[in-house]
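# Close look at the chain arrangement
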Amino acid sequence: MRPKAQASHISTCDTDGLQPDQQVTLWQNYTQANVFRVRFQTVNVETLHGTQRNFETGSIHFSDMRVTPHVVERTEQDLIDDPCDMILLIMVLEGEATYGQGGVWMTAQAGEILALRSDRAFQGIYTRPVRQMVMTLPRGEFTDLCGREIMGLERATQAQLGKKNASWLSEQALASLSDTARKPNQVLKGLELVAALFGPAEGTSSPGQDRRMRPHFLAAQAWIADHLSDPALTPGQIAEALNISLRHLNRVFAREGVTVRQMIGQRRLTMALHLLQDPSYASQSIGQISYKCGFSDQSLFSRQFRRHFGQSPKAAREAARA
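All residue numbers refer to positions counted from 1 along the written sequence of the respective chain. At least 70 in pLDDT is required for a residue's local features to be given in this predicted model, at least 80 for side-chain atom pairs to be given and counted, and no such filter applies to totals for whole chains, interfaces and linings, which use all residues. To get the side-chain values, all heavy atoms of the structure are used, and hydrogens and water are removed first.

## With respect to the side chain of His216
Counting from the N terminus, the helices are the DSSP runs of H or I reaching at least four residues and the strands are the DSSP runs of E reaching at least two. Examined against the element boundaries, His216 turns out to sit in helix α6 (residues 210-226). Note on definitions: a residue-residue contact is assigned when non-hydrogen atoms from the two residues lie within 4.5 Å. Those residues in contact with His216, other than ones at most four positions away along the chain, are Leu188, Glu192, Leu242, Ile244, His248 and Val252.

Here's what the structure looks like:
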C-alpha cells in the first residue's frame, strides 16, 4: 500500500479531445498513478470517453468516475508489479457494474455497492456508460471499521442500502470531491454507512460504543489531512467539525494509542519529509516547506524533525538527492 504522506488533494482526468489510441493510455496511466495498477480496454468501440476526479484524505481515497463501456482488469502480474492490500467499494450511481473475483461474479445496479480486494486478481465489465464512486481504504482499516474481514467479492443491495442512503450517495457523497463543498460529516456518514452495510450480521457481535469510534477516528484523520497547513489546527476544531464533543474525540484517539496533537504532529512531519524528498519542491526553502506543513516556528520544526526521523531536514533533503 502506498503511504499517504501528503495532505489531502484533488486531481482530475478527462479523455475527451484525445485520439482514440491515447484515451485508454491516459485513463490507464492516470488510474494506476492515483489508485493502483489495473488495465483497461474498450468494449465494441475504439473510443473511451471518461472523466475521473480523485480525492484522498488520510487513508481514504475517493474516485468519481463517468466512463463509457469498458473492461478493467487486475491480473496476477499486476499483483506482483504493484502489490497493495486495500478494499475497493464500488458504489454505482448510474448504469451497472459486473465484477468477478475468485470465481465469483456479481452485478451491481444503480444504488448498490460492490466490495472486493486489491490483493487478489479481478475483472470488471461495463457494458453501458456508468457513473460510480470508488472508495478505497487499507484492508486493516476496513476490518477495524466493520468488525470483520472481507474474504472475497461481496455486494450491498438496494434493499440493504435503502432509498434514503442511495439518494444520499448520489446527491451528497460526490460533494466530498469539491474543494468548497466538502464537509467532514460527509466522510463520517459514509464511513458509518459502510460499517453498517458490511459489518457482522446483527446478533453475531456485541454492540457498543467501540463500533462507532472507528468511523470517528477515520473521519478525524481525514479532517486533519485536509488542514495540516493550518498552524492553528486544534483538537477542539476537529471535534466541532465532526459534531462530537472534545471528550469523545480524545477517547476515540486514546483507543488508538495516540493523542490528537500527536497525530497532527506526526502527519505534519511525514508530509514535510515527503516534500523535502520531492524534486518538484527543490526550489523551496526548508522554512517554506515547514510553513506549508503547518509549522510557524522553523527552529521548533527542525528539532521535532530530528527527534522523529533521526536526522535534520537538510540531511533528509540531501540524502534524497544523492
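## Description of the confidence of the model for the chain
This prediction gives the chain a mean pLDDT of 84; 86% of its residues lie at or above 70. The predictor attaches a confidence to each residue, and that confidence, scored 0 to 100, is pLDDT. Per-element averaging of pLDDT across the chain places helix α4 (residues 158-171) at the bottom with 72 and strand β10 (residues 122-126) at the top with 97. A low-confidence stretch, residues 1-7 (pLDDT under 50), is modelled with 23 contacts involving residues beyond four sequence positions or located in other chains. Residue range residues 203-209 is modelled with pLDDT below 50. Its contacts to residues more than four positions away, or to other chains, number four contacts.

## Brief notes about the sheet that holds strand β5 (residues 70-74)
A sheet is described by the order of its strands in space; here five strands give the open sequence β2-β5-β10-β7-β8, paired in antiparallel fashion. The two strands at the open ends of the sheet, each matched to only one other strand, are β2 (39-42) and β8 (104-109). Direction aside, the axes of adjacent strands within the sheet are offset by 15° on average. The rule for pairing is simple: two strands pair if DSSP sees at least two bridges between them. Looking at chain direction, strand β7 (residues 96-101) and β10 are connected through three bridges and run antiparallel. Across the sheet, the residue bridging to Gly100 is Gln123, located in β10. Axes, fitted as lines to C-alpha atoms, cover a helix only where it is in contact. Angles between the N-to-C directions of the axes lie from 0 to 180 degrees.

## Notes on empty space enclosed by the protein
Residues are said to line a cavity or pocket when one of their atoms sits within 4 Å of a point; the points come from a 1 Å grid over protein atoms alone, cavities being sets where a 1.4 Å probe fits but cannot get out and pockets being open sets with protein on both sides within 12 Å along at least five of seven lines. Grid points are joined across faces, edges and corners, and a volume is the space filled by probe spheres set on the points. One pass over the structure, following the stated rule, counts two cavities of 30 Å³ or more. What the largest cavity holds in volume is close to 180 Å³. What lines the largest cavity is a set of 16 residues, and nearest its centre among them are Thr31, Met65, Val72, Leu88 and Tyr99. Going through the elements one at a time, α1 (20-34), β5, β6 (86-94), β10 and β11 (130-138) are the ones with two or more residues in the lining of the largest cavity.

## Some words on helix α8 (residues 246-255)
Taken together, the buried positions of α8 are occupied by His248, Leu249, Val252 and Phe253. Seen along its axis, α8 keeps its buried residues to an arc of 135°; they face one direction. The exposed residues of α8 that point more than 90 degrees off its buried face are Arg247 and Ala254. Exposure classes here rest on a 1.4 Å probe applied to the protein chains alone. A residue is buried below 20% of its type maximum, exposed above 50%, and partly exposed in between. Here, the arc refers to the directions that run from the helix axis to the C-beta atoms.

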